Amino acid sequence: MTDPAAALLAGLRPAARALPSSGIVRVFNHGRGRPGLIPMWAGEGDMPTPRLIADAAAASLACGETFYTAQLGLPELRAALARYHADIYARPFKADEFFVTGGGMQAIQIALQLILDAGEEVVIPAPAWPNFEGAIRALGGRVRTVPLRLGPAGWTLDLDALFAVCGPGVRAIFVNSPGNPTGWTASRAELRAILDFARQRGLWIVADEIYGRFHYEGGVAPSFQEIREKGDRLLFVQTFSKMWAMTGWRIGWLQAPKALAGAIESLIQYNTSGVAAFMQRAGIVALQEGRAIAGEQIARAATGREIVRQALAPLNSVRFAPPAGAFYQFFHIEGQADSMATALRLVDEANIGLAPGIAFGAEGEGHLRICFLRSATELEEAMRRLTGWLSRNAG
Ligand SMILES: Cc1ncc(COP(=O)(O)O)c(C=O)c1O
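So, here's what we can say about the structure. (Residues numbered from 1 in each chain as written. Predicted model: local features only at pLDDT ≥ 70, side-chain atom pairs only at ≥ 80, totals over all residues. Heavy atoms only, no water.)

What follows is about the site of the ligand. Near the ligand, the surroundings consist of 14 residues, among which Gly104, Asp208, Thr239, Lys242 and Arg250 are the closest. Protein chains shield 94% of the accessible area of the ligand, which is 390 Å² for the free molecule. A total of 3 residues in the shell around the ligand trace back to one element, the largest contributor, which is helix α6 (residues 103–115). Here the residues of the shell around the ligand are counted per class, giving 5 nonpolar, 6 polar and 3 charged. (Near = heavy atom within 4 Å. Areas by Shrake-Rupley, 256 points an atom, 1.4 Å probe, with all protein chains shown as cover. Helix = DSSP H or I, 4+ residues; strand = E, 2+ residues; numbered from the N terminus. Nonpolar A, V, L, I, M, F, W, Y, C, P; charged D, E, K, R; others polar.)

Next up, the structure:
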């Protein structure tokens, strides 16, 4: 007799059946609910969304903004996004190049649905946030990775290696800079070389620059925004999640040439039919009045980075480079090749939650990731637990 569950699964699209499960979720499920555990596994801080932003959503609901809304986003929010970008990048932006999505994750989905057919390939520098690959595979696409390398200058990307994997099946290059989990941040010259290559080959670039303002080497990280020209095949992924402590809200945006507006509107229509108006009202307030909140998040991350650096620097068993951007420390531990096993042990034996490097692809194995966007007191305690555990177990 056939097992009914197996029979149901057998009826799925192979691409849906074969989706990988998240390695971070496995550690999270193992540690969830443990008293006193310090969670640093997810890509979010410990600060709840500030009242200023939450109140804007509540006010919108209270005044009855509960109906279907503009698919591409409220015009006021799209205009606010254009002003926000103009402030950061000191060049003009137009409201009609911004499209409001259900978080950065849905901006990634829409970007891929615009350009990728089943069987086509996307190139990704790795280790990388696993959801890029998951979203590509859900569409039946394929991933080709190029390894980022940890050397004396921190994490670097060999551009020749990147270009070498761009064979005829490749449609796009996914550039996440500053990157999760490594903090790798492309220089302006590297971005220019990638853009030139993409132009020559007719490739798309999906530019995930959500951590662009978490940059520790002065100002905003180098960006495709500074070098792009009309007609470039560039799709920017962005989100409210990190800058304004809104991870649970699920609101972000895609920035794309306005010529794509019709196709994007249809994709939004057939995926989610738009983002709730009350969330968009909150987004407007975040952009217009949330400067101090964003500043606080950036300062918190800079302090966290330094706490982690000071804790890890004296240890011979650990190899790491303080990240140029984003808010993660990715580090290698001597003698701990199986990062999933190490992360599970750190839950059980040190009461701290870290993400295993293997969750970011084979290139991440042997590493662990700490999200350091947390209060200094808690992070210091977490580092005491980690270094204590390392002194007993690594080397
Ligand atoms: C590199 C990167 N891109 C996109 C996202 C998605 O962000 P959101 O929470 O808005 O979906 C994340 C979240 O961790 C991320 O790390």
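Still more to cover.
So, about the side chain of threonine 101. In this fold, threonine 101 is placed in strand β2 (residues 98–101). For threonine 101, a relative accessible area of 1% gives the class buried. Here glycine 103 takes part through its backbone oxygen, which lies 2.9 Å from a polar atom of the side chain of threonine 101. Within polar-contact distance, the side chain of threonine 101 engages the backbone nitrogen of tryptophan 253 at 3.3 Å. Here threonine 101 is in contact with Gln106, Ala107, Arg250, Ile251, Gly252, Trp253, Leu254 and Val275, once residues within four sequence places are set aside. (Buried < 20%, exposed > 50% of the residue type's maximum accessible area, 1.4 Å probe, protein only. Polar contact = N/O pair within 3.5 Å; in protein donor to acceptor, adjacent residues only side chain to side chain. Contact = heavy atoms within 4.5 Å.)

A separate point is the pairing of strand β3 (residues 121–126). Summarising burial for β3: 6 of the 6 residues are buried, a large majority. Direction of pairing for β3 relative to strand β4 (residues 142–151): parallel, over a ladder of 6 bridges. Across the sheet, residue valine 122 finds its bridge partner in β4, namely valine 143. Relative to strand β6 (residues 170–176), β3 is paired through 3 bridges, and the arrangement is parallel. (Pairing = 2+ DSSP bridges.)

All right, on to the sheet that holds strand β11 (residues 328–333) then. Taken in spatial order, the 4 strands of this open sheet run β10-β11-β14-β13, and their pairing is antiparallel. In this open sheet, the two edge strands, each paired with only one partner strand, are β10 (318–320) and β13 (355–356). Of the strand pairs in this sheet, β11 and strand β14 (residues 367–371) are connected by 5 bridges, and their pairing is antiparallel. Directly across from histidine 332, in β14, lies its bridge partner histidine 367. Sitting on the sheet, helix α13 (residues 339–350) is in contact with β11, β13 and β14, with an inclination near 45° to β14. (Axes fitted to C-alpha atoms, helices over the stretch in contact; angles between N-to-C directions.)

As a further point, take the sheet that holds strand β5 (residues 154–157). An order of β2-β9-β8-β7-β6-β3-β4-β5 is seen for the 8 strands of this open sheet, with the pairing classed as mixed. Looking at which strands have only one partner, the edges of the open sheet turn out to be β2 and β5. Adjacent strand axes in the sheet meet at a mean angle of 25°, parallel and antiparallel pairs treated alike. Bridge analysis of strand β7 (residues 204–208) against strand β8 (residues 234–239) gives 4 bridges, and the strand direction is parallel. Its bridge partner lying in β8, aspartate 208 is registered against valine 237. In the packing of helix α5 (residues 75–89) onto the sheet, contacts are made with β2 and β9 (252–255), and the angle to β2 comes to roughly 115°.

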